[in-house]
Every structure is written in C-alpha cells, then in structure tokens.
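# Structural characterization, general
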Amino acid sequence: MSRRLLSCLWCGREIVESEAGRRRRYCRQSCRQRAYEHRNSLKGTGIPDDSVVLSAQESADLADRWFAARCAAEDVATAIGEGADTEELKALCTTLLTLTREAERLR
C-alpha cells in the first residue's frame, strides 16, 4: 500500500497517510479543534473563511524561520563559491531542507 505525505491544515506538520479511507486534514484532534474555533471566530466579520490570521508572535516566529532558511541558503551559495567538497555541501543542503520545512509551517 503506498503512502502519501500531507500537511496538517492547522499547524503544517506532516501527516503520513495510507491510500485507504478518507484523507486526514489535521494531525491531531487539538489541531482540528483549533481550526473549528478559528472558523467560528471569523463568522460575521467579513474575513474570508480560508484566511490565515496570525498573532504578532506567530508572525514574528514565521519571519524568524524564513530568515534562518535564507541564511542557510546563503551558506550553501558561499560554500559553492569557495569550492566546498561534496560532504560539506550535503550537510549544508540537509540543514537548508530542514529549515525550509520548518518555515512552511504557519503556526
């Protein structure tokens, strides 16, 4: 049976799911509950249901994660420019991938 990777609609964590059954949208019940509360809090406000509303702290955290990812990308570019060996480039790329996956999360 093949598996597919999905992201939680609330927190962005990866959800590994099999092909059988209904596709999961949330990684945990608590994420499902937070999404429900968010949808209900937007009723009657004119804000579209599919909007993402972040607190100031969540926005700052997201900016920090993107900054770390950009710095890692700059490290890769510098290493290539300086003729780094394959092992060093592999390690830098692994770090870059980890940081960009983290940066994808909105919360």
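Residues numbered from 1 in each chain as written. Predicted model: local features only at pLDDT ≥ 70, side-chain atom pairs only at ≥ 80, totals over all residues. Heavy atoms only, no water.

On to the overall build of the chain. Per the secondary structure count, the chain includes three helices and two strands. In terms of overall size, the chain is more extended than a compact globule, its C-alpha atoms giving a radius of gyration of 18 Å where 107 residues would be expected to give roughly 13 Å. On the principal axes, the C-alpha backbone points of the chain span a range of 55 × 40 × 20 Å. Residue burial in the chain is summarised as follows: out of 107 residues, 21% are buried. The contacts of the chain with a sequence gap of at least 6 include a subset with a gap of at least 24, amounting to 32%. Here the chain carries 18 positive and 17 negative side-chain charges, and the mean point of each set is 13 Å from the other. (Helix = DSSP H or I, 4+ residues; strand = E, 2+ residues; numbered from the N terminus. Rg over C-alpha atoms; globule rule 2.2 N^0.38 Å. Buried < 20%, exposed > 50% of the residue type's maximum accessible area, 1.4 Å probe, protein only. Contact = heavy atoms within 4.5 Å. Lys, Arg positive; Asp, Glu negative; His and termini not counted. Charge placed at Lys NZ, Arg CZ, Asp CG, Glu CD.)

It is characteristic of soluble globular proteins that their nonpolar side chains tend to be buried jointly. Counting residues in hydrophobic clusters, the biggest one holds nine residues: Leu 6, Cys 8, Trp 10, Cys 11, Ile 15, Tyr 26, Cys 27, Cys 31 and Ala 35. When residues no more than four places from it in sequence are discounted, the contact partners of Tyr 26 are Cys 8, Leu 9, Trp 10, Ile 15, Cys 31, Arg 32, Ala 35 and Arg 39. (Core = buried A, V, L, I, M, F, W, Y, C linked by side-chain atoms within 4.5 Å.)

To continue, consider the pattern of salt bridges. Under the criterion given, the structure shown has two salt bridges. As a salt-bridge pair, Arg 34 and Glu 37 come within 3.0 Å of each other at their nearest N and O atoms. Taken as a pair, Arg 34 and Glu 37 lie in helix 1 (residues 29-42) at a separation of three residues, close to a single helical turn. For Arg 34, a relative accessible area of 35% translates into the label partly exposed. (Salt bridge = Lys/Arg side-chain N within 4 Å of Asp/Glu carboxyl O.)

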